[in-house]
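Descriptive analysis of the structure
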Amino acid sequence: MIRASKNLSFTSSLNEALEKFRAESKRLHRLGNYYEGRHDILTRTRRGNLPNARLPHGFPKYIAEVSAGFMLSEEPKYRGNCDKQALKNLLEFQEKCSDPALNMSLAVAQSVYGLGLSLCFYTDRLHTVPLDPRSAFMVFDDTAEQKPVFGVLLSKNKMRVYTDEHVYVFDGADSKKIKARKLHGFENLPMVLYPNGTSMQGDFEHVLPLIDAYDLLASDRINDRAQFADAMLVLTGIMGLSEEEGDIAGKLRQERTLTLPDSDAKAEWLIKNANEKDVEVLRKSIADDIHKFSMTPEMEITNAFGSSSGVALQHKLFCLRRRTAIKERFFIKGLKERLPLLCEALKKEGKVAPNPEDIEIYFPERRMGEGLKIN
């Protein structure tokens, strides 16, 4: 979370926040790259003509999407001690002004980057859209209350800064001159944060070293196979080769036979003896650790649930449910902060809107293993 001192001026707070965001940007881009399959293994080089297989594995995408999908297997529900028609108006209005995939996009961003961000803005009507955490951030004050101070949205040629009343437009992140200032139409900051717990850490971020190790092991396994095909032929008991025999390697490739000068001479391949059993045990151990420490079970029935009993299934989903419960609380916190913006916009359309304080948001209770078939 980026925080700024209340004693600083707007310009000083903005400059300080941009510096902190730039420092954080490298981490966010790395998380995004891993989610998209661009792992560090793809940048590895090897000397000369050595085989260089580079195999990224989809653990980050799997962890993030299983986590987000499990949390939003059902959309959050709204209820409260308010006029039923007002609540109905709000839900219909929310559906109208946002894409159906809005909450899922926010949940995936929450899983990948450790936070999701949304923005409400007016054109001909109200829009609620998700933002990319690599190009947007919010700033909070340094008090215990941690009130939002402003939000920043960066694009190629512009920087927009949203406060409680205005949106300031700059030519870019390095520009000191305000190009335009206008009212954004809300009484509160129209940008909302959906943190992934207090640490705001991505769901696969803490297992990145294990994912790197898995990528490296699998890549080297393929490299060893390729090097086996290019193994060196060692000739023992042969002092030298005549000019006629000089192309022995070429003859061997063509004729698949080799004539040795006497009974004491021998030929053998110089290879690295890889113990496939040990490599496979290590591969499985790393994969198991990735699933264990990310609290995301392997969903393949034969491996994940063993006997496929209900008890085994409950045991496998226990950690995922506990982690999801934490994610839900913080996601609901963001939804509650979005509510006043929607209610305010609804009133401007001349419709009855509920009091945001009277509305409760909750996720329906899940049953263990709901939606999974047990054989």
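Notes on the structure in this doc start here.

Right, let's get into the overall build of the protein. Broken down by element type, the protein carries 9 helices and 13 strands. Looking at the protein as a whole, 40% of its 375 residues qualify as buried. Relative to all contacts within the protein whose residues are 6 or more apart in sequence, the contacts with residues 24 or more apart total 69%. Summed over its atoms, the accessible surface of the protein is roughly 21,800 Å², and 52% of this surface lies on carbon and sulfur atoms.

Once that is clear, we can look at helix α4 (residues 102-113). With 12 residues, α4 ought to run about 16 Å at 1.5 Å a step, and its terminal C-alpha atoms sit 16 Å apart, in line with that. Looking only at α4, the buried set comprises L102, N103, L106, A107, V108, A109, Q110, S111, V112 and Y113. After α4 finishes, the residue G114 shows a positive phi value of roughly 90°.

Further remarks concern the pattern of salt bridges. Throughout the structure, instances matching the rule amount to 21 salt bridges. Notably, a salt bridge pairs E16 with K20, separated by 3.2 Å at the nearest N-O pair. With E16 and K20 both in helix α1 (residues 10-35) and 4 residues apart, this pair spans about one turn of that helix. In this structure E16 comes out as partly exposed when scored by relative accessible area, which is 28%. Notably, a salt bridge pairs D212 with R30, separated by 3.3 Å at the nearest N-O pair. Separated by 182 residues along the polypeptide, D212 in helix α5 (residues 208-229) and R30 in helix α1 bring together distant segments of the chain.

Next up on the list: unusual backbone geometry. Notably, M200 is not glycine yet its phi reads approximately 50°, a positive angle. Topologically, M200 is positioned in the loop between β10 (191-195) and α5. What makes M200 buried here is its relative accessible area of 10%. Here M295, not a glycine, exhibits a phi torsion of approximately 55°, which is positive. Mapped onto the elements, M295 comes out in the loop between α7 (276-294) and α8 (301-304).

Turning to the sheet that holds strand β5 (residues 136-141), a few remarks are in order. One open sheet holds the 6 strands; their spatial order is β1-β5-β6-β7-β8-β9, and the pairing between them is mixed. With one partner strand each, in any of the chains shown, β1 (2-4) and β9 (178-183) form the two edges of the open sheet. Neighbour-to-neighbour, the strand axes of this sheet turn through a mean angle of 25°, independent of strand direction. Strand direction decides the pairing type here: strand β6 (residues 148-154) and strand β7 (residues 159-162), joined by 4 bridges, are antiparallel. Looking at the pairing, V152 lines up with V161 of β7.

Definitions and cut-offs
- Residues numbered from 1 in each chain as written.
- Predicted model: local features only at pLDDT ≥ 70, side-chain atom pairs only at ≥ 80, totals over all residues.
- Heavy atoms only, no water.
- Helix = DSSP H or I, 4+ residues; strand = E, 2+ residues; numbered from the N terminus.
- Buried < 20%, exposed > 50% of the residue type's maximum accessible area, 1.4 Å probe, protein only.
- Contact = heavy atoms within 4.5 Å.
- Areas by Shrake-Rupley, 256 points an atom, 1.4 Å probe, with all protein chains shown as cover.
- Expected span 1.5 Å × (residues − 1).
- Salt bridge = Lys/Arg side-chain N within 4 Å of Asp/Glu carboxyl O.
- Pairing = 2+ DSSP bridges.
- Axes fitted to C-alpha atoms, helices over the stretch in contact; angles between N-to-C directions.

Distances and angles like these do not, on their own, reveal function.
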